[in-house]
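# Residue-level structure breakdown
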Amino acid sequence: MLPDLLAYGLRILPGMVLLGACFTLAGAGRDPLLRILILIFGFVLIRDAMTPLGFWRLGAVGGVPWLRFTDQAGILLLFGLGTAALTAAVLGLDSGLRSLVRWGRFTPVTLVRGIGGGVLAAAPVLLLSLPTPLSARGGAVAVSLLPVLLLFSLAGNLAEEVLFRGFLQGRLEQHAGRIRAASLSALLFAACHAFLASTVTDVGWPLLVFTLYEGLICAFLRLRSGVIAAALAHGSAIFLLAAALV
């Protein structure tokens with residue numbers, strides 16, 4: 001595990017140093033949009049660099065995408081906890097960004113809406129995948145890995161929702177209508193998967209269609225119930241797709 005993590009760290013280090021310098025020069029207290037974009041670029045780098053090292057695999061069969069993560073529980077746990085820690089650090093240190101996030105309340109209704117949104121996002125992919133043997137779309141996942149996979153899915157996608165539905169959608173709402181801001185956040189979310197779909201992998205348009213669909217669900221959940229519901233939807237959708245339960 002350690003050599004894989006070291007190789008990953010060395011791969012992303014130059015880009016993270018450059019983005020860190022950009023974030024510092026962007027300066028707190030000014031328009032937060034530039035800082036938001038820099039953070040999104042950093043997240044895309046961290047996420048997409050997982051691919052060549054085998055920390056996750058993406059593919060498509062008959063136009064239907066599939067997703068699997070590494071079976072090394074320690075790596076998933078470290079990524080999940082590390083992502084949560086980085087998200088908390090950004091929220092704690094940057095009051096301007098923190099003020100943009102509309103969390104909503106964690107209530108049973110929010111929980112149902114969030115998980116329901118995740119099922120709605122994953123359902124078309126899962127249903128269209130049924131005719132394809134599991135071995136052709138990533139293979140089975142060990143039951144013992146599922147709790148760690150769930151933690152990783154929720155923590156990693158909480159960070160992504162804070163970026164897109166918290167910071168970005170919150171900032172866009174200051175200068176655009178709520179519907180327009182939600183639509184833009186979903187479109188930009190899908191666009192930030194274009195490099196992953198076309199260069200890092202050869203999944204292509206199925207990944208972009210899915211991320212736009214998922215992004216719209218999360219964006220409008222954020223309008224109705226806040227970032228908590230959007231993060232639950234995103235995390236549960238990724239867990240359902242990666243867990244190979246269907």
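Anything mentioned here points back to the structure above.
Below is a summary of the structure that appears in this document. Since the model is a prediction, treat every value here as computed from it, not as a measurement.

## Focus: the overall build of the chain
Across its full length, the chain carries 10 helices and two strands. Reading the helices (α) and strands (β) of the chain from amino to carboxyl end gives α-α-β-β-α-α-α-α-α-α-α-α. Taken over C-alpha atoms, the radius of gyration comes to 17 Å for the chain, in line with the 18 Å a tight globule of 246 residues would show. Each of the three principal axes of the chain carries a C-alpha extent, and together these read 50 × 40 × 30 Å. Split into buried and exposed, the 246 residues of the chain put 50% on the buried side.

## So, empty space enclosed by the protein
What the rule picks out here adds up to two cavities of 30 Å³ or more. Of all the elements in the fold, those that place two or more residues in the lining of the largest cavity are strand 2 (64–69), helix 5 (108–129) and helix 10 (227–242). In terms of residue count, the dominant contributor to the lining of the largest cavity is strand 2 (four residues). By residue class, the composition of the lining of the largest cavity is nine nonpolar, one polar and two charged. Lining the second largest cavity are V61, V64, P65, W66, S129, T132 and R137. Tallying contributions element by element places strand 2 first for the lining of the second largest cavity, with three residues. When its residues are assigned to classes, the lining of the second largest cavity shows four nonpolar, two polar and one charged.

Cut-offs and rules
Residues numbered from 1 in each chain as written. Predicted model: local features only at pLDDT ≥ 70, side-chain atom pairs only at ≥ 80, totals over all residues. Heavy atoms only, no water. Helix = DSSP H or I, 4+ residues; strand = E, 2+ residues; numbered from the N terminus. Rg over C-alpha atoms; globule rule 2.2 N^0.38 Å. Buried < 20%, exposed > 50% of the residue type's maximum accessible area, 1.4 Å probe, protein only. 1 Å grid on protein atoms, 1.4 Å probe; cavity = no way out; pocket = protein on both sides within 12 Å on 5 of 7 lines; lining within 4 Å. Points joined across faces, edges and corners; volume = space filled by probe spheres on them. Nonpolar A, V, L, I, M, F, W, Y, C, P; charged D, E, K, R; others polar.

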